[in-house]
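Residue strings, one per chain:
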Amino acid sequence: MFSLKHNCWFIRKVVIWRAVASIAWSVILLPVTTALFVFFSRFSLFHPIQWISECTSLLTASSTIFSLVVLCGVVLMTGIFNMEFYTLVPSIPCSRVALMWTVLHPRQCVHSLVYCTMGMLVMWCASVIIGGRYSTLGTPCRSESGELVTCLNEYHLFLLLTGAFMGYSHSFLGVVQNIYYVSFQPIQQHKYLRFKGSLPMVVKCSVIQSLYSARNFAVLYYFFGYVPKAWISSTLNLHTDSSLQPLDSLTGLLDFSFFYYLLICGTFLYLTWYMTVLLFRIYVTEAYSFPVQSIFTEDAEQCLPKVLSEKNTLVMRFLALQDLALLSQHSPPRRLEVFSLSQPGGHPHNWNAISKECLSLLSELTHRLVAHQDAVASNGRVKSHSASSVTKSSSTASSVISGKENLPETPRPNMPLRTPGSVFLKSSMGHSVLTPPFTPDLDSPFSSPALRHLSGKQEPQSPWFGTVQSPQIVRRGPKLWSASTVSQANGSPSASPATVPSPPPAKQKPSFLAQWLQNRREQVKSFLAKRALIVYLFNKLPEASSQALFADSQAHIWALEGLSHLVVASFSEDQFGVVQTTLPNILSSLVFLLEAVDRQFKLPHASSKPVRTTCSMGDSTYKTQRFALRAALKTSIYRITTTFGEHLNAVNISTEHRKRLQQFLEFKE
């Protein structure tokens, strides 16, 4: 219990205090942005003295100070939402329906409602600070009879509604452009230098987004502006000033002075939010140095090997992997602690824990890629030998990481293997070899008779039912997936077609009601499949699946860099040889992952470069993570092979992997 409380305190110290510091700096910088807003709103090129005096009086006015207090509350709420909604793994919907569900999710609806309210508050504060005809919602005017009445100030209403529209746009773009995705920079910089370098981009994005939002809302208000105007007038009993041009007309919207104020207010609104997001990213992703080992037991939860295995707080694990990558490159004294032995006992606990976590990360990515490749291969097509070989290699990789395999030389058959029939056969324990999401639905009317034959499920009307009499069919038998190819791959004698076990008894004919429901379901599916809108909404986006597979690849890149640099450093710094015991496992895991990545890039849309987007605060680095991972993987292997050279021939790895590493030794990759 004490350890758990201590660990929670440590996480709170690292993560929450960083978020609090980013909010504090956002509040501190708020008067600066407000002063810039006042200077630009009162800009007068031909009357500079009057311009400076008006700005000074506005900044010291009580209305401006009250507006600053309200804006501080808005910044505080923005920082809280940044803490609640930030993510280190971007959300990538694979279809347009998934994107619509994300936008219409109740949690996202609450987020949009809060940001609409905050947008109206910021615009209200901006209109109060500017003053003049934009300050209040009701203004005194003369009616047609000459009586003094209160009329609706449409300029103020337009500003408030624009603020709500910009708030919803910010919330919507937060989902579409992944504004809350926090990425770690490959090159570490000081916080001030990073903020200084990103500030021009933030200002540029604020101006562009304000321009787009003002244009879009002007078009929307032109067609539907009479609705809120009539509702507000009837609710607050406000009259309409007939002497002014309404803003839901072309002449009203062509007021360039009002459009300039609208652009300045929108830029101020977006700049306030974007600077809060930028400071949060800078503080959360700042490098943190974890101790490699500790003398005291109560501090063991703060050590690098323990934090690497953290599952509940993902940001702590990312910070630990980042620290591992930096440690392996720039800190020789801390590397010696990684290679050290425990006293008493003489066990390399630090190296074992760190290498185990890194290898498990790489194995998890390998299994993920293999599962995706199996799903693509079995999606209406016959699976190729490459997918099956990767499946076998990934299972071998998991055993390598667990340390239960001695990595013997793998014999290769003389003739190319076809995909084994065990992919669709049941195992001896009665469970399917494939995991449930990727097991083909053999009962579906869309499955081919060949797949039913391979799975052992035969129909009485099928030519495969019973004993095969036709010599042509017997002659075609070895060309299909069969148990013979599996036995050949395993080294056992192949079974003849006559010794194939008899098929199981035919399934009982379904009832009339079940058949009727099945027919109706197929009719509905075929009807919807012919509708262009349904196909457009449910079709998978071409880049989404590849981007989703490598969404969290930054952690794997750090694991690759940390492992490779530590292995290279062990060539001259490892006095006890602790790395040599796991070097075969590391090399095998890297080659397994390289094979899976190479096959992934051969799939459609996997190797295409994403289209560059316009200026936005959304971080789009995740779209190119797969290219960064492949480059880091090959660089890591090159780093090891160039350091060890011909010494790798003494490492106990399989013949296939030795041939692949030889290509790196000869610089042919």
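Our structure's up above, just so we're on the same page.
One structure accompanies this document, and this report is about it. (Residues numbered from 1 in each chain as written. Predicted model: local features only at pLDDT ≥ 70, side-chain atom pairs only at ≥ 80, totals over all residues. Heavy atoms only, no water.)

1. Describing the environment of Thr136
Which entries qualify depends on this criterion: Under the scheme used here, helices are H or I runs from DSSP no shorter than 4 residues and strands are E runs no shorter than 2 residues, and both carry numbers assigned from the N terminus. Think of it in three bands: residues with accessible area under 20% of the maximum for their type are buried, residues over 50% are exposed, and the middle band is partly exposed, with areas taken using a 1.4 Å probe on protein chains only. Residues count as neighbours in contact if any of their non-hydrogen atoms are within 4.5 Å of one another. Under the rule applied, a polar contact is a pair of N or O atoms within 3.5 Å (in protein, one hydrogen donor and one hydrogen acceptor; residues adjacent in sequence only if both atoms are side-chain atoms).
Within the secondary structure, Thr136 is located in the loop between helix 5 (106-130) and strand 1 (138-142). Relative accessible area serves as the criterion here: at 38%, Thr136 is assigned to the partly exposed category. Residues Thr136 and Trp124 lie 12 residues apart in sequence; the distance between their C-alpha atoms is 8.8 Å. Ignoring sequence-local partners within four residues, the contact set of Thr136 consists of Asn153 and His156. Reaching out from Thr136, the side chain makes a polar contact with the backbone oxygen of Gly138 at a distance of 3.0 Å.

2. Comments concerning the nonpolar core
The condition that has to hold: Put simply, a nonpolar core is a bunch of buried Ala, Val, Leu, Ile, Met, Phe, Trp, Tyr and Cys residues held in one set by side-chain atoms that sit within 4.5 Å of each other.
In this structure, Met316 and Trp351 are the most contacted members of the largest nonpolar core, which totals 71 residues. In this structure, Met316 is in contact with Phe10, Ile11, Val14, Val15, Phe290, Val307 and Glu310, ignoring residues within four places of it in sequence. Val38, Leu152, Tyr270 and Tyr274 belong to the second largest nonpolar core, which has 55 residues in total.

3. Focus: the packing of helix 7 (residues 191-224) against helix 8 (residues 226-236)
Quick reminder of the rule: Lines fitted to C-alpha atoms define the axes here, with helix axes fitted over just the stretch in contact, and angles between the N-to-C directions of these axes take values from 0 to 180 degrees. Residue classes follow a fixed rule: Ala, Val, Leu, Ile, Met, Phe, Trp, Tyr, Cys and Pro count as nonpolar, while Asp, Glu, Lys and Arg count as charged, and any other residue, Gly among them, counts as polar.
Relative orientation of the contacting elements helix 7 and helix 8 amounts to 65°, with a least axis distance of 6 Å. Judged by residue contacts, Tyr221, Phe223 and Phe224 of helix 7 engage Tyr226, Val227, Pro228 and Lys229 from helix 8. When its residues are assigned to classes, the contact of helix 7 with helix 8 shows 6 nonpolar, no polar and 1 charged.

4. Quick notes on the state of the cysteines
Here is the idea: a disulfide is a covalent bond, and it sits between the sulfur atoms of two cysteines. Spelled out, the test is: Note that a disulfide, as used here, is simply two cysteine sulfur atoms within 2.5 Å.
A complete count under the given rule lists 1 disulfide for this structure. The disulfide bridge from Cys141 ends at Cys151, spanning 1.6 Å between sulfur atoms. The chirality of the disulfide connecting Cys141 with Cys151 is right-handed, given an S-S dihedral of about 45°. With Cys141 in strand 1 and Cys151 in strand 2 (residues 148-152), this residue pair connects regions lying 10 residues apart in the sequence.

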